[in-house]
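Report on the structure
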Amino acid sequence: MLTLPNLLTLSRILAVPLLAAFLWWPGWPTGYAIAFALYVLMGITDYFDGYLARAQGTVSKLGIFLDPIADKIMVAAVVLILVGTRDIAGVHVIAALIILLREIAVSGLREFLAQLQVSVPVSQLAKWKTTLQLIALGGLILAGALPDLDWIKLAALVALWGAAALTVVTGWDYLRVGLRHMD
């Protein structure tokens, strides 16, 4: 069902390789600036695909399936590229790793629970985690576009650690729900 909301979601998935390509060369501020603009556009389409699906009454199983996958693909790609380019380096890699591990674990847990026909709704705290995570990654991309403004990278790294902390809390919340349904 290729509705406008689903096309927006698919566009986010298809844009990930382009986003990664612009981030591939550290020290190329223009590439990072283009990547930041693309990242912001992807964030806007993430908002509008859900908004339009609900407003038009076109929420679909395909959209419900693809939307979280698009988010996770984008986050994982940006984290991996930023670690590879050393925009996330040293001890900060631990925060990035916490975020990636939680995404994988929660995805697996949701798949397991879906087989049991148990739905785990996204909590408000998880939404804040996602917001902080997206701000942190966007800030790190912007820091590559504006390398003379050190405070942007510092603020982004603080946000990354805040997202990692919320990641642990929300991951534990999901795990507690999942453990109730395991033998």
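Below is a short write-up of the structure. Keep in mind that what you see is a predicted model, and the values were worked out from it rather than measured. (Residues numbered from 1 in each chain as written. Predicted model: local features only at pLDDT ≥ 70, side-chain atom pairs only at ≥ 80, totals over all residues. Heavy atoms only, no water.)

1. Brief notes about the nonpolar core
Judged by nonpolar contacts, the single largest core of 34 residues is most densely connected at L19, V78, L82, L137, I141 and L160. The set of elements that each furnish at least two residues to this core consists of α1 (4-23), α2 (29-56), α3 (61-84), α4 (92-115), α5 (124-145) and α6 (150-179). Take this core: its biggest share by element is seven residues, from α3. Formed by seven residues, the second largest nonpolar core is a distinct cluster that contains V106, L113, V118 and Y174. (Core = buried A, V, L, I, M, F, W, Y, C linked by side-chain atoms within 4.5 Å. Buried < 20%, exposed > 50% of the residue type's maximum accessible area, 1.4 Å probe, protein only. Helix = DSSP H or I, 4+ residues; strand = E, 2+ residues; numbered from the N terminus.)

2. Some thoughts on a nonpolar patch on the surface
A contiguous nonpolar surface patch, about 530 Å² in accessible area, is contributed by F112, L116, W172, L175, L179 and M182. Counting residues per element, the nonpolar patch draws most heavily on α6, at three residues. Looking at where M182 falls in the secondary structure, it is placed in the segment after α6. The partly exposed category is assigned to M182, whose relative accessible area is 36%. (Patch = residues over 30% accessible without salt bridge, like charges linked within 9 Å, V, L, I, M, F, W, Y side chains within 5 Å. Areas by Shrake-Rupley, 256 points an atom, 1.4 Å probe, with all protein chains shown as cover. Salt bridge = Lys/Arg side-chain N within 4 Å of Asp/Glu carboxyl O.)

3. A closer look at the packing of α2 against α3
Two quantities define a packed helix pair, namely the angle between the axes and the distance from one axis to the other. Their axes nearest at 11 Å, the elements α2 and α3 cross at an angle of 160°. With respect to each other, α2 and α3 are oriented roughly antiparallel. For α2 against α3, the interelement crossing comes out left-handed. Contacts from Y32, Y39, M42, D46 and D49 in α2 reach D67, D71, M74, V78 and L82 in α3. (Axes fitted to C-alpha atoms, helices over the stretch in contact; angles between N-to-C directions. Parallel < 35°, antiparallel > 145°, perpendicular 65-115°, else oblique. Left-handed = near helix turned anticlockwise from the far one by under 90°. Contact = heavy atoms within 4.5 Å.)

4. Some details on unusual backbone geometry
Of note in the backbone geometry, R86 takes a positive phi value of approximately 70° without being a glycine. Along the chain, the position of R86 falls in the loop between α3 and α4. One non-glycine residue, Q117, lies in the positive phi region at around 60°. The topology assignment puts Q117 in the loop between α4 and α5. Among the residues examined, Q117 registers a relative accessible area of 74% and is labelled exposed.

5. Examining the side chain of T85
Within the secondary structure layout, T85 lies in the loop between α3 and α4. Overall, T85 belongs to the buried group, its relative accessible area being 14%. Within the structure, T85 has its side chain in polar contact with the backbone oxygen of L82 (distance 3.3 Å). (Polar contact = N/O pair within 3.5 Å; in protein donor to acceptor, adjacent residues only side chain to side chain.)

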